[in-house]
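Residues per chain are reported as follows:
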Amino acid sequence: MSGVPRLLRLSVLAAALLTAGCAGWVRDNSTQLPKPWQRITADALPVTLPESQQFPVLAARMRSTGTVYKSYIAVLGNPTVLEGENRLTVDVQTLPDSLFGALVQPARVFPVPLYTMETLTKALNREFPEMEVKVADGGRRNRYGDYDYAVAQDEANTCVFAWQLITDHARMLPERIEAVRLEYRVCGASRNPRVLLQPFDGLMLTLPEGVLDAGDMGVL
Amino acid sequence: MMRLAVPLLGALMVVPLVAAPVALAQSGPGGRALAPGVKVEVAPAPGSGTAPQPGTVDETALRYYARIGDVERLEAEIARLRALDPSWDPPKDLFAPQPVTSGVDESPFWTLVSAGKFAEARAAIAEQRRKTPSWQPSAKLLQELDLAEGSGRLRSASDTKRWQDVVDAAAAQPEAVACNRLDNAWRLAEAYAELKQTDRAFDTYKTVVSQCPSAKERRDTIFKASRYLSPAQLRELTALGATANPAPGEDYASVRAAEAELETGRLLERAGNAKGNLSATELAQVETTVRERRDADSAISLGWYFQSRKQYALAQSWFSEANGWTPSDRAAEGLILAYNGLGKKAEAREAGAPWRGTSSRVDQALKAVDPPRGSSGGARPGPQGPSELDRTLARRDFAGCLVAVQSAIAKGGKTAALVQQRGWCLLELKRPSEAEAAFVEAQALAAREPAPKTPAQNPSAAARAARDAATAGAITPPTATRAQENAYGQTVARMAAGDTVGVNRDLPRLNITAAQKAEIRASLLATEANRALEDMRYRDALRLLDARKELETEPRNLSILRGWALYNLFRFDEAYKVFKGVDDRLSTEESREGVLTTWKTIYHDW
């Protein structure tokens, strides 16, 4: 006789406990969204660039997305009068450090593959409007392996746009880092794109866990 | 012969609007071809032909437009039905709920057609017919669907510059090229012109200006045609538009004036050229047209024409006219320099007072009146009109601005004003980090330069500043000091670089005017509201938008954001009201999407 009311009482109590926090519940999705950009000093960037009078680091900023991604932008000098900032972008994807982190991950900060011909065309049109753009047939190689690039030119200026994805765990990346994406956009007065690519060729990643170079610099 | 609904180009192209399509699908008297396969039938004069029997007017579309509140299309449909049957009056119960007579409510199909979802509309009609075999969609619905599809093909071909396809689409669906679809007629004419079939383009434009009754539309057509037709053809077009088939209540004087306006435009373009001199007759013609139209932009052009020839009195009178018709900092800039040329410095300062501190071009012009001490290292030459820097700014050529600033620095040395200008131009070129550095440098330079005249040294400006401050209850004067301008520039640059957190933190301590602070705060709130919506914190989004609204009027993009926040909080009626309000003022894809989505949600019409 008393079993049923007791069960009922327990059910009501359980329901009350389960719903008690509803009024104060907030959807926990904001932790997975990109945080606003924050200014940092050039020293705090996880990358060093070769000294350059044409393209000094003018400003730096960073933001995180969830606990997995950290993005950095180094704004570089721009000796031209063209629209848009010269910059190097570094996105670092780390591995989640908990089971929950592995289950709930933010949306990718960069797609893989980095570009399709369609998205690359859009990006290049956005970066270099009204300039003649050509995607280089063959890639180039820097400290961290092969990268691709495009060259945009008008009568007075030349611009380069380079992109690279580092995923080699055998030698270059420490265990905790899943991938590093680099993107470099620079416009300058030199007609020779190789001159504009020199900072990208000579950059060095300074992530705390120790990223190694590709190991064949001697043959470059 | 049956009378056509509206004197339409397509109607001229033989198409029936209501029943008896076949009867009209032939060339009647006056018919002529616009394009291969496209027959043109000239609309008969009012009163000729047979009107439809009373009560036979198809009011389906009319009632649909009334129900969804699309006033523009409703009025067009009323005009069309009246032209079809002058004895017809709009039903008095237009806005009353209507019983579904045929057993099938056509509204969902009309909604799909309105939304441009033609394939879905066809599928929905087919599905309805499967469910209700006895039901037939109304002729009007099917016709609207055909028309909408034809128009869509024509516009799509035109948007992608497939000119022959535009002509083919018009030939396949001649009703799509009509007075009530004037844009399609313009696109067809453009296609002919691009295909180098200028005669056909000319014919199309002629048909529009002689058959479409609206004077404004005829006038707009002449302006459109001016890109492709010779002056002689434009003259013929104007004469035709001003006299052919006049409709009661329309004033075609504006059509007649179009030719003169085009000629004025050509002359002003010539006048804008440094070496372009106008004859006395040409000048008189331009001046008359500009005065008749009270065209402030053209008056400013005339002002610069005289200013560059050092005819300062004439320049001053045109800049004054422009400023009187439409006050602007561009007109004020010219007025300052013209007064200065006449040696009337007090009037020059007075002319610049309303824009001082808020317009860089006016501030720049005022420097010609009161040159900064030592800035040019001696006697300053008389006013020369706009400098190279002014001209680049007037053209919104910001790359040119950087070059002009660099050249000015090379000539006369670095000044705070020049470096500050460089900062604004870098901002326009989406280079905020460099812009911020420029404002910092300008700040440092300004600290070393002698202080400019403050409003206190200028009695009229000081009086105005005090009055404004009293009115606004502001503590700081509304006119920004040089230091405030630089601090403001730095803040705008930081915002553009995404440093909203830092700006939010520093805002209370920033040395900027109260108005500038409010503007930055409003911008921060808008950014935060956007973030809140992305985070699905809809109540927060509304809270932030409400706070922002206390500072500034809400722009339409934020109203749309407000609509979606309300929608996601299931406050559909309020969301609909917000979307509808925005859409009624200016209908865009975003506003239409909001209206349609909330409407469908409210009426479960998915």
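Our subject in this report is the structure included herewith.

Definitions and cut-offs
- Residues numbered from 1 in each chain as written.
- Chains lettered and ligands numbered in written order.
- Predicted model: local features only at pLDDT ≥ 70, side-chain atom pairs only at ≥ 80, totals over all residues.
- Heavy atoms only, no water.
- Helix = DSSP H or I, 4+ residues; strand = E, 2+ residues; numbered from the N terminus.
- Buried < 20%, exposed > 50% of the residue type's maximum accessible area, 1.4 Å probe, protein only.
- Contact = heavy atoms within 4.5 Å.
- Areas by Shrake-Rupley, 256 points an atom, 1.4 Å probe, with all protein chains shown as cover.
- Salt bridge = Lys/Arg side-chain N within 4 Å of Asp/Glu carboxyl O.
- Buried area = accessible area lost by both parts, 1.4 Å probe.
- Polar contact = N/O pair within 3.5 Å; in protein donor to acceptor, adjacent residues only side chain to side chain.
- Pairing = 2+ DSSP bridges.
- Disulfide = S-S within 2.5 Å.

1. Overview of the overall build of chain B
Part 1: On a plain count of helices and strands, chain B comes out with 30 helices and 2 strands.
Part 2: Within chain B, the proportion of its 606 residues that are buried is 46%.
Part 3: Nonlocal contacts in chain B, meaning residues at least 24 apart in sequence, comprise 58% of its contacts between residues at least 6 apart.
Part 4: For chain B, the accessible area works out to roughly 29,700 Å², and carbon and sulfur atoms hold 54% of it.

2. Some details on the pattern of salt bridges
Part 1: Counted according to the given criterion, the structure contains 40 salt bridges over all chains.
Part 2: One salt bridge in this structure joins Arg-537 of chain B and Asp-540 of chain B, with 2.9 Å as the shortest N-O distance.
Part 3: The class of Arg-537 of chain B is partly exposed, set by a relative accessible area of 26%.
Part 4: In this structure Asp-540 of chain B comes out as partly exposed when scored by relative accessible area, which is 23%.
Part 5: One connected set of salt bridges, linked through shared partners, spans Arg-39 of chain A together with Glu-436, Arg-494, Asp-499, Arg-505, Asp-506 and Arg-509 of chain B.

3. Topic: the side chain of Glu-183 of chain A
Part 1: Assignment of secondary structure puts Glu-183 of chain A in strand β10 (residues 177–188).
Part 2: In contact with Glu-183 of chain A, other than residues within four places in its own chain, are Arg-87, Leu-88, Thr-89, Tyr-115, Phe-161, Ala-162 and Trp-163 of chain A.

4. Some points on the interface of chain B and chain A
Part 1: Of the residues lining the interface, 21 residues belong to chain B; the matching set on chain A comes to 20 residues.
Part 2: Both sides together, the interface formed by chain B and chain A hides about 1,800 Å², and carbon and sulfur atoms give 50% of it.
Part 3: Connecting chain B to chain A are 3 salt bridges.
Part 4: In this structure, Arg-39 of chain A engages Asp-499 of chain B in a salt bridge whose closest nitrogen and oxygen atoms are separated by 3.2 Å.
Part 5: Run the count over chain B and chain A and you get 11 residue pairs in polar contact (both at pLDDT 80 or more).

5. Some words on the pairing of β10 of chain A
All names here are of chain A.
Part 1: Most of β10 is tucked away, with 11 of its 12 residues classed as buried.
Part 2: One ladder, built from 8 bridges, connects strand β5 (residues 86–94) with β10; its direction is antiparallel. Pairing of Asp-91 across the sheet is with Arg-181, part of β10.
Part 3: In terms of strand pairing, strand β9 (residues 158–166) meets β10 through 9 bridges, oriented antiparallel.

6. As for the state of the cysteines
Part 1: By the definition in use, this model includes 3 disulfides over all chains.
Part 2: Covalently, Cys-159 of chain A is tied to Cys-187 of chain A through a disulfide, its sulfur atoms 2.1 Å apart. On the sign convention where negative means left-handed, the S-S torsion of about 105 degrees between Cys-159 of chain A and Cys-187 of chain A marks this disulfide as right-handed. Here Cys-159 of chain A is found in strand β9, whereas its partner Cys-187 of chain A is found in strand β10, with 28 residues between them in sequence.
Part 3: According to the relative accessible area criterion, Cys-159 of chain A is buried, its value standing at 0%.
Part 4: Exposure remark for Cys-187 of chain A: the relative accessible area of 0% places this residue in the buried category.
Part 5: In this model, Cys-401 of chain B is linked to Cys-425 of chain B through a disulfide, with the two sulfur atoms separated by 1.9 Å. Every disulfide takes its handedness from the sign of the S-S torsion; for Cys-401 of chain B and Cys-425 of chain B that torsion is 90 degrees, giving right-handed. Linking Cys-401 of chain B in helix α20 (residues 398–412) with Cys-425 of chain B in helix α21 (residues 416–428), this pair joins segments that are 24 residues apart in sequence. The residues Cys-401 of chain B and Cys-425 of chain B share a single accessibility class, namely buried.
Part 6: Should the bonded cysteines of chain B be numbered as they appear in the sequence, the pairing reads 1-2, 3-4.

That's the geometry; what it means functionally is another story.
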